[in-house]
Amino acid sequence: MDRLVRIVVLTGAGISAESGVPTFRDAEGLWHGHRVEDVATPEAYDRQPGLVHRFYDERRAALSSVEPNDAHRALARLEDAVGDELLVVTQNIDDLHERGGSRRVLHMHGRLRSALCRGCRRRFEWTGTLGDRPPCPRCGRRELRPDVVWFGELPYEMDRIHDALARVELFVSVGTSGAVHPAAGFVLYAAAHGARTVELNLVPSAGSHLFDEARHGPASRLVPAWVDELLGRVGPS
Ligand code: APR
């Protein structure tokens, strides 16, 4: 399916930080006094669905007041130049890659603007709230949940991602702490299959030493410079 892919860019919360999207680990991992783990697990949802809906409803609503930044736009520019040779794999549930112009984006942790019916398992584009328990557009049951991957659930698109990682020449990780698997292991998987690996992050991530090259600074500066370099417009930064 992705036979042409030669570059995989993995992104995390850091690429959206300068757009003003709060990361999951902001405020020492607390949200209105709740631990992130208490709002991002299936058990939390079963226990306190109202609380979990409020957390994601707030985040979905906040998307309308943020814009993509130069890092998102630079990846879209790279895709314009290399087409199907680039695949962006994001852990982010925001839609800033798409709004920045990227077309080939896999959301391995799901998307805020999607709802999943626990009754019929169908997924729907969703921009409104879920906390008010709207009926499923297909089966009518009031079982819609955020279509995001919680701790303990399997990420989306893993076959396709591993397939691409086994064939790429270049693997680049942008704005991710390297704390959460399986994404944290992609660098080793790609390297084992012969890829060159680069980290672009504000500070060295937990797995920084696993990369062939690591550059540290804000994504809005590092990513455009790296794209320019790759496209041969300017020399190394
Ligand atoms: N530019 C580049 N990197 C940045 C910037 C920036 N402006 N700001 C922050 N960072 C870096 C931080 O230094 C950190 O290493 O981005 C990383 C963000 O790490 P996390 O908050 O752990 O986010 P992420 O790695 O995406 O988390 C992975 O964990 O909570 C779950 O499912 C959730 O997808 C998320 C996953």
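Residues numbered from 1 in each chain as written. Predicted model: local features only at pLDDT ≥ 70, side-chain atom pairs only at ≥ 80, totals over all residues. Heavy atoms only, no water.

Q: Just give me the short version of helix α5 (residues 70-82), but keep the residues and values in it.
A: Spanning 13 residues, α5 covers 18 Å between terminal C-alpha atoms, matching the ideal 18 Å at 1.5 Å per step. Regarding α5, the residues found buried are Ala71, His72, Ala74, Leu75, Ala76, Leu78 and Glu79. Where the residues of α5 are buried, they touch β1 (7-11), α1 (13-17), β4 (86-90), α6 (96-99) and α9 (219-230). Between the side-chain oxygen of the N-cap and the backbone nitrogen of alanine 71 there are 2.7 Å, and the N-cap of α5 in question is asparagine 69. One or two steps after α5, the chain reaches glycine 83, where phi turns positive at roughly 60°. (Helix = DSSP H or I, 4+ residues; strand = E, 2+ residues; numbered from the N terminus. Expected span 1.5 Å × (residues − 1). Buried < 20%, exposed > 50% of the residue type's maximum accessible area, 1.4 Å probe, protein only. Contact = heavy atoms within 4.5 Å. Polar contact = N/O pair within 3.5 Å; in protein donor to acceptor, adjacent residues only side chain to side chain.)

Q: Give me the lowdown on the environment of alanine 225, citing residues and values where you can.
A: Relative to the elements of secondary structure, alanine 225 occurs in helix α9. With a relative accessible area of 22%, alanine 225 lands in the partly exposed category. Taking the C-alpha atoms as reference points, alanine 225 and alanine 71, 154 residues apart in sequence, are found 9.4 Å from one another.

Q: Explain the sheet that holds strand β7 (residues 123-125) residue by residue, including any values.
A: The strands making up a sheet are joined through hydrogen bonds of the backbone, oriented either antiparallel or parallel. The three strands are arranged β7-β6-β8 in an open sheet whose pairing can be described as antiparallel. Edge positions in the open sheet fall to β7 and β8 (144-148), since each of these has one partner strand only. Adjacent strand axes in the sheet meet at a mean angle of 45°, parallel and antiparallel pairs treated alike. Bridge count for strand β6 (residues 110-117) against β8 is four bridges, and the pairing is antiparallel. By the bridge assignment for β8, cysteine 117 is matched with leucine 144. (Pairing = 2+ DSSP bridges. Axes fitted to C-alpha atoms, helices over the stretch in contact; angles between N-to-C directions.)

Q: Go over the pairing of β6, please, and point to the residues and values.
A: In terms of burial, β6 is a largely internal element, six of the eight residues being buried. Relative to β7, β6 runs antiparallel, the two sharing three bridges. Note on β7: the bridge partner recorded for serine 114 is glutamate 125. In this antiparallel pair of consecutive strands, β6 and β7, the connection spans five residues, and arginine 121 shows a positive phi of 65°.

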